[in-house]
Amino acid sequence: MRIYPLSKPFLLAKLFIKEQLKEPVALLWIVISPVVTFYLITYAGYTGGESLRDYASATSWFYAFISSSVALFGLAFYIVGRRESGFLRSFVYTKRTKITFLAGQFLAYSFMSLIYCSVFYVLTRGYFGLMALEEWLVIVGRFYMCFLLFSTPSLLLTLVPIGFQNTNTLFSILSVSMLALGIGSLSTSYSLFNVIDLFNPMGWANRLMLVGVTGSATLVASILGMIIVTGWFVFRFLLINPVWSRY
Amino acid sequence: MKRLIVDALDVRYGQHILFKSASLEVEAGTMIGLLGPNGSGKTTFFDVICGLKKLNGGEVQHSFSKLLYLSQIIATPPVFRMFDVFNMMMLFCSDTRVTQRHALEKIEKWSPGIAERYCEIWKKKSSLCSYGEKRWFFTLSLLSVNADLVILDEPTAGVDPEFRYHIWRCLEGAAAEGVAILVSSHNIDEIVTHCDDFYMLSQQRFNRFSNAEGFLSRYGGSTLDEAFIHAASLPRT
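In this report, we go over the structure that sits alongside the text. (Residues numbered from 1 in each chain as written. Chains lettered and ligands numbered in written order. Predicted model: local features only at pLDDT ≥ 70, side-chain atom pairs only at ≥ 80, totals over all residues.)

## Comments concerning the overall build of chain B
Then step 1. For chain B, the helix and strand inventory stands at nine helices and nine strands.
Then step 2. Its C-alpha atoms give chain B a radius of gyration of 18 Å, near enough to 18 Å, the size a compact globule of 237 residues would have.
Then step 3. If you line up chain B on its principal axes, its C-alpha atoms span 50 × 40 × 35 Å.
Then step 4. By the burial criterion, 44% of the 237 residues in chain B qualify as buried.
Then step 5. Within chain B, contacts between residues at least 6 apart in sequence are counted, and of these 71% link residues at least 24 apart. (Helix = DSSP H or I, 4+ residues; strand = E, 2+ residues; numbered from the N terminus. Rg over C-alpha atoms; globule rule 2.2 N^0.38 Å. Buried ≥ 20, exposed ≤ 12 C-beta atoms within 10 Å, placed from the backbone. Contact = placed C-beta atoms within 7 Å.)

See the structure below:
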């Protein structure tokens, strides 16, 4: 009997994953669009003379972008969607149900982040040579840290009382801005870009994908600390009533 | 005996006063109706009981061990079948595992002949269910959970007469087994017919009635709807 309450977040996560897998268009878009972009950019930049760059440096921005998309448009956007549709008001109004919901949601999108990462790896690694289990595990580990990095601001944004459509717009602006500023800082000598890059989570994620978890110990420790604090914050201040309701 | 006691409740939004010294009581094993015009604060009152809205004065207390609430809005992921929705609902509403068999045993006992319809909807895709089917399914499933206080916000809104009949039979069955039920509706007839007592939310207070005669006599009018209109148009203070 005691096992059932503890298993609730896992059972809920299973249902949320099922829901995601039954919506293949969104699933494909998040993973296929970066793959297509990756091949377009790679072919456009490859003149045939130089050797192919190594896989990690060629794909680090893509992994960083995908991890931000899963955190923003998966983990956080679905929380806003469930609030605005009235789902949270129907079921999630006690401490116990808030824990079940948030844990289930987090587990589901942790799993989904690994799926997105793995599919991108399978679809792009062949271009650079053979796939390797060890390499995949390293990339998955780095990618999950990036997902946790983006989860903190994404989850905090769910506490802003804005509706579904405005949230979509805000997340799109954030996602594109982070990517544009990150890539922009690569090919410019303007000091302003370099300063902005210091505070750009997409830049941090890119470095994490390149340097690895052990090489970014301070950043990883900060990410883990931040996600715990954020979890408590979201649990404490989770908006239950839809923004569109009168109150 | 277990009971919900709302004593001298004050609730306001900014300058707008919703409740002023409003009192209400629900005992175990009774079904209590709640009437009130749109925007009078019925849903806010349920938010207060669920702890989602802070009260500005008075007291809300109850000795029940398990409170369940069915909101007006019912949102189900469209890709799910209703059995997935049932499983999801139970993860939030029940401390023990509740199966279809468990739910069917209860609701079939309260309203014989219902099992076949319930099983038909059980397999249906959520996006293909009508609003009435979803409300019916939600209400009955929720009643099969072992809760001792159930709050339902307009459970029969948009539901056809057959499903309404079964909902009321099940509510009466649950109340007969000791569950306390607080139910709101805009259909005065069904509240008067099925509830043990009912409250009219008027002038920022709950006024209790035991029958249609008392309601008609208090507010005047030849029909229940007329009396309701009179009650709703009384000055707020």
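And the narrative resumes.
## Concerning the pairing of strand 8 (residues 197–202) of chain B
Residues and elements named next belong to chain B.
Then step 1. Most of strand 8 sits inside the fold, with five of its six residues counted as buried.
Then step 2. Bridge analysis of strand 3 (residues 31–35) against strand 8 gives four bridges, and the strand direction is parallel. Bridge pairing in strand 8 links Ile32 to Asp197.
Then step 3. Pairing of strand 8 with strand 9 (residues 205–209) involves five bridges; the strand directions are antiparallel. Pairing of Ser202 across the sheet is with Arg205, part of strand 9.
Then step 4. Where strand 8 folds back on strand 9, the antiparallel hairpin that results is connected by two residues, among which Gln203 adopts a positive phi of roughly 55 degrees. (Pairing = 2+ DSSP bridges.)

## Let's talk about the nonpolar core
Then step 1. Counting residues in each nonpolar core, the largest one holds 122 residues, and the members touching the most others are Cys146 of chain A together with Val150, Leu171, Ala174, Ile181, Phe198 and Tyr199 of chain B.
Then step 2. For this core, the element with the most residues is helix 3 (residues 55–84) of chain A, which contributes 14 residues. (Core = buried A, V, L, I, M, F, W, Y, C linked by C-beta atoms within 7 Å.)

## A short note on the environment of Ser185 of chain B
Residue and element names in this part refer to chain B.
Then step 1. Relative to the elements of secondary structure, Ser185 occurs in the loop between strand 7 (180–184) and helix 7 (188–194).
Then step 2. Exposure remark for Ser185: the 23 C-beta atoms within 10 Å place this residue in the buried category.
Then step 3. In this structure the C-alpha to C-alpha distance between Ser185 and Phe163, which are 22 residues apart in sequence, comes to 15 Å.
Then step 4. In contact with Ser185, other than residues within four places in its own chain, are Gly33, Glu154, Thr156, Glu190 and Ile191.

## Regarding the pairing of strand 1 (residues 3–13) of chain B
Residues and elements named next belong to chain B.
Then step 1. The pairing of strand 1 with strand 2 (residues 16–27) spans eight bridges and is classified as antiparallel. Across the sheet, residue Arg3 finds its bridge partner in strand 2, namely Glu27.
Then step 2. Where strand 1 hands over to strand 2, the hairpin turn is made up of two residues, of which Gly14 adopts a positive phi near 60 degrees.

## Thoughts on helix 6 (residues 161–176) of chain B
Residues and elements named next belong to chain B.
Then step 1. The terminal C-alpha atoms of helix 6 lie 22 Å apart, and with 16 residues this matches the ideal 22 Å at 1.5 Å per residue to within 8%.
Then step 2. All of the buried residues along helix 6 are Phe163, Arg164, His166, Ile167, Trp168, Cys170, Leu171, Ala174 and Ala175.
Then step 3. Looking one or two residues beyond helix 6, the residue adopting positive phi is Gly178, at roughly 105 degrees. (Expected span 1.5 Å × (residues − 1).)

## So, the interface of chain B and chain A
Then step 1. In this complex, chain B contributes 20 residues to the contact, which on the side of chain A involves 23 residues.
Then step 2. In terms of residue count, helix 2 (residues 82–93) of chain B provides more of the side of chain B that touches chain A than any other element does, six residues in total.
Then step 3. For the side of chain B that touches chain A, the class distribution of residues is 13 nonpolar, four polar and three charged. (Nonpolar A, V, L, I, M, F, W, Y, C, P; charged D, E, K, R; others polar.)

## So, the environment of Lys42 of chain B
Residue and element names in this part refer to chain B.
Then step 1. Within the secondary structure layout, Lys42 lies in helix 1 (residues 42–49).
Then step 2. Distance in space between the C-alpha atoms of Lys42 and Asp7 is 16 Å, their sequence separation being 35 residues.
Then step 3. Setting aside residues no more than four positions away along its own chain, Lys42 makes contact with Leu34, Gly36, Asp153, Ser184 and Leu201.

## Re the sheet that holds strand 6 (residues 149–153) of chain B
Residues and elements named next belong to chain B.
Then step 1. Judged by pairing direction, the sheet is mixed, and its six strands sit side by side in the order 5-6-7-3-8-9 without closing on themselves. The open sheet terminates on both sides in strands that have one partner only, identified here as strand 5 (67–70) and strand 9. Within the sheet, the average angular offset between the axes of one strand and its neighbour, ignoring direction, is 20 degrees.
Then step 2. Across the face of the sheet, helix 5 (residues 131–143) comes into contact with strand 5 and strand 6 while running at roughly 175 degrees to strand 5. (Axes fitted to C-alpha atoms, helices over the stretch in contact; angles between N-to-C directions.)

## A look at the packing of helix 5 (residues 95–125) of chain A against helix 6 (residues 133–157) of chain A
Residues and elements named next belong to chain A.
Then step 1. Put simply, helix 5 and helix 6 touch, their axes get as near as 10 Å, and they point 135 degrees apart. Relative to helix 6, helix 5 is oriented oblique. Here helix 5 and helix 6 pass one another in a crossing that is right-handed. For the pair helix 5 and helix 6, the contacting residues are Ser113, Leu114, Cys117, Ser118 and Tyr121 in the first and Trp136, Ile139, Val140, Phe143, Tyr144 and Phe147 in the second.
Then step 2. Of the residues in the contact of helix 5 with helix 6, the class split is nine nonpolar, two polar and no charged. (Parallel < 35°, antiparallel > 145°, perpendicular 65-115°, else oblique. Left-handed = near helix turned anticlockwise from the far one by under 90°.)

Geometry only, nothing functional implied.
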